[in-house]
Amino acid sequence: MKSIRFPLIFLCLLQATLSLAQLQSGPMVGYSTMKEVMLWAQTRQPARVQVQYWEQGKPTPSWSTAEVATTAKTAFTAHLLADQVQPGKKYEYAILVNGKKVDLPYPTRFQSQTLWQWRTDPPAFQFGVGSCTYINEPALDRPGTPYGGGYEILTNLAKQQPDFMLWTGDNTYLREPDWNSRTGVLHRYTHTRSVKELQPLLAATHHYATWDDHDYGPNDSDRSYWLKPVTLEAFKLFWANPNYVFDEGCAGTFHWNDCQFFLIDDRTFRAPNNAPELSKRPMLGQPQLQWLIDALIFSQATFKFVVIGGQVVNPAKVFENYANYADERDSLFRAIAKANIPGVMFITGDRHHTILHKLERPGTYPLYDLTISPLTSGPAQPLADELALPTVVPGTLLVERNFGLLSLSGPLKDRVLTIKVFDAKGTQRWSREIRAMDLR
């Protein structure tokens, strides 16, 4: 009996298909610096994972990350360090599973940050902003109309080709079967990360994240949540932030060109909503608050973006706004004013609508708070009383699924922030400009 010989091209296609089948989610591009970039991937079962990368348009030479063995203990995730990059370069890459290249139907690329200091004005760049990402799982969701939907928003966000994506909380939604076990938490993170519409955005855009209640624990959860070490472990497994300031919690910071971003944890140290002495209770906690104030004072960034799950500037003491924690909020505002810290602006999520708040301050510049929400969760109206507040910037309310695209341009001494807000179909709905010189 003659043996059957398959054409070589068929065998190559079969190997590529098998490799793709072993990939659960990703690859995802994480943080970027001038000398290293972190990448991430998740497999379906134990596997050896590696990334090969080369300068864009120049296949040779190429470099490879160390090979990482994924295991069930870490939800089959891998963090892959590209440590042969040079400043200001763009790279293409391929992911290998068990030594075989995975062919993906969308671009895979990353970039190192530019060494512009003492040489040129900072480069222009743009980044995406979004929060509240609910991915339906009918067997475990509440009965009735699905809460999540409109996943095409992720595709349309990717089409904008932001340099990086800023996830401002509720990046996944833990549910009743999830938040009492490590198994449930890792299932939820995996389920959300695996949605197909998300994969092109993960593969070609750098990603940074903080959390809010739904990816930390139950709805409105606080420092009493019993499984917070587990959800912090999951957060670190599934995201690729460059640093964590405290052993407890997800707070950290990163730079992109002339801007600095402060990723703030509004859950780990938060007192319960119904705690006594409401005005004096902490939300950030004293160590984190002091670190934030010190870091803002130290920062030389043109714009200092404080990224946090809930609204900060909105003075309404409703839901989980920072105004409910009046003493701590006032301490932060006083410190910013007393130290004359320029360029501070807040980027927030949580509220399931998008809006810009502007707080006028006597003798100094106004504080802006840009809320962008939701991505795929259900939209929600603000309260009527909130819309009557003097902090609301007219024409910026959007109550539907949407994302933000923020861009920085201009010379260092006259940097301009342009805010654009897009609906789920990718149609621009409003835009505003804020000049750095107006935040001094």
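Residues numbered from 1 in each chain as written. Predicted model: local features only at pLDDT ≥ 70, side-chain atom pairs only at ≥ 80, totals over all residues. Heavy atoms only, no water.

## Concerning the pattern of salt bridges
We apply this condition: For this document, the term salt bridge refers to a Lys or Arg side-chain nitrogen within 4 Å of an Asp or Glu carboxyl oxygen. For each residue, the accessible area found with a 1.4 Å probe, counting protein chains only, is set against the maximum for its type, and the residue is called buried under 20%, exposed over 50%, and partly exposed in between.
Enumeration over the complete set of coordinates arrives at 20 salt bridges. Between Arg267 and Asp266 there is a salt bridge; the shortest N-O distance is 3.7 Å. Each member of the pair, Arg267 as well as Asp266, carries the same accessibility label: buried. Members of the salt-bridge network, linked through shared partners, are Asp212, Asp266, Arg267, Arg270 and Glu320.

## A word on empty space enclosed by the protein
Rules: Space inside and on the surface of the protein is sampled on a 1 Å grid over the protein atoms alone, with a cavity defined as a set of points where a 1.4 Å probe fits but cannot get out and a pocket as an open set with protein on both sides within 12 Å along at least 5 of 7 lines; lining residues have an atom within 4 Å of a point. Grid points are joined across faces, edges and corners, and a volume is the space filled by probe spheres set on the points. In DSSP terms, a helix is any run of H or I states spanning at least four residues, a strand is any run of E spanning at least two, and both are numbered starting from the N terminus.
By the definition in use, this model includes one cavity of 30 Å³ or more. Its boundaries defined by the atoms lining it, the largest cavity holds a volume of some 130 Å³. Lining the largest cavity we find 13 residues, and of these Asn171, Thr172, Thr192, Arg193 and Trp239 sit closest to its centre. It is helix H3 (residues 182-193) that contributes the most residues to the lining of the largest cavity, three residues altogether.

## Examining the nonpolar core
It is characteristic of soluble globular proteins that their nonpolar side chains tend to be buried jointly. As a reminder of what qualifies: The definition of a nonpolar core used throughout is a set of buried Ala, Val, Leu, Ile, Met, Phe, Trp, Tyr and Cys residues joined through side-chain atoms within 4.5 Å.
In terms of nonpolar packing, the biggest core is built from 97 residues, with Phe127, Leu166, Phe261, Phe305 and Phe346 touching the most fellow members. By size, the runner-up hydrophobic cluster in this structure holds 22 residues, among which are Val37, Ala82, Tyr91 and Tyr106.

## A look at the packing of aromatic side chains
Applied cut-off: Two aromatic rings, drawn from Phe, Tyr or Trp (for Trp, its six-membered ring), form a pair once their centres lie within 6.5 Å of each other, and the interplanar angle then sorts them: stacked below 30 degrees, edge-to-face above 60, tilted otherwise. In this scheme, Lys NZ or Arg CZ marks a charge over a ring once it lies within 6 Å of the ring centre and within 35 degrees of the ring normal.
With the rule as written, the count across this model stands at 37 aromatic pairs. Plain terms: the ring middles of Phe235 and Trp239 are 6.4 Å apart, the flat faces sit at 45° to each other, and that makes the pair tilted. Accessibility classification places Phe235 together with Trp239 in one group, the buried group. Here the guanidinium or amino end of Arg175 rests over the ring plane of Tyr134, the centre of that ring lying 4.0 Å away. A cation over a ring is seen here: Arg193 above Trp40, with NZ or CZ 4.7 Å from the ring centre.

## Section: the sheet that holds strand E16 (residues 344-348)
Where we set the bar: Paired strands, in this sense, are two strands between which DSSP finds at least two bridges. Think of each axis as a best-fit line through the C-alpha atoms, taken over the contacting stretch in the case of a helix, with angles from 0 to 180 degrees between the N-to-C directions. Contact definition: two residues touch when any of their heavy atoms are within 4.5 Å.
The strand order across the open sheet formed by six strands is E13-E14-E15-E16-E18-E17, and the pairing between neighbours is mixed. This sheet does not close on itself; its edge strands, each paired only once, are strand E13 (252-256) and strand E17 (355-359). When strand polarity is set aside, the average angle formed by the axes of neighbouring strands in this sheet is 20°. Strands in contact with helix H8 (residues 326-338) are E16, E17 and strand E18 (367-371); relative to E16, the strand with the most contacts, it is inclined by about 150°.

## Description of H8
Every α-helical turn comprises 3.6 residues, leaving residues that sit three or four positions apart pointing alike. Rules: An expected span of 1.5 Å times one less than the residue number is assigned to each helix.
Between its terminal C-alpha atoms H8 stretches 18 Å, which fits the 18 Å expected from 13 residues at 1.5 Å a residue. Three or more residues of H8 are buried, namely Ala326, Glu328, Arg329, Leu332, Phe333, Ala335 and Ile336. If you follow the buried residues of H8, they end up packed against helix H7 (286-298), E16, E17 and E18.

## So, the packing of H3 against helix H6 (residues 228-238)
Between two packed helices, both the angle of their axes relative to each other and the distance between the axes serve to describe the pair. Our working rule: Angles below 35 degrees are treated as roughly parallel, those above 145 as roughly antiparallel, those between 65 and 115 as roughly perpendicular, and all remaining angles as oblique. Working rule for handedness: look at the near helix, and if it is turned counterclockwise from the far one by less than a right angle, call the crossing left-handed; if clockwise, right-handed.
Relative orientation of the contacting elements H3 and H6 amounts to 30°, with a least axis distance of 10 Å. By the criterion of interaxial angle, the relationship of H3 to H6 is roughly parallel. The element H3 and its partner H6 pack so that their crossing is right-handed. Contact residues: Arg182, Val185, Leu186, Tyr189, Thr190 and Arg193 in H3; Val230, Thr231, Glu233, Ala234, Phe235, Leu237 and Phe238 in H6.

## A short note on the pairing of strand E3 (residues 47-55)
Summarising the sheet, E3 and strand E5 (residues 68-70) pair through three bridges and their orientation is antiparallel. Looking at E5, one finds that Val49 is bridged to Val68. In the sheet, E3 pairs with strand E7 (residues 90-97) via seven bridges, with the strands oriented antiparallel. By the bridge assignment, Tyr53 is partnered in E7 with Tyr93.

## Some thoughts on the confidence of the model for the protein chain
Reading fine detail from the predicted coordinates is not recommended where pLDDT is low. Quick note on the threshold: What pLDDT expresses is the predictor's confidence in each residue, scored from 0 to 100.
Counting all residues, the mean pLDDT for the protein chain is 95, and 95% of those residues have values of 70 or more. Ignoring residues within four places in sequence, the model shows residues 9-14, a span with pLDDT below 50, making one contact including any to other chains.

## Details of unusual backbone geometry
Following Gly26, the chain continues to Pro27 via a peptide bond in cis, the omega torsion being 10°. Here the amide bond leading from Thr60 into Pro61 is cis, since omega sits at -5°, within 30 degrees of zero. The backbone phi angle of Phe319 is positive, close to 50°, even though this residue is not glycine. Take Phe319: it is sitting in the loop between strand E15 (304-308) and H8. In this structure Phe319 comes out as exposed when scored by relative accessible area, which is 54%.

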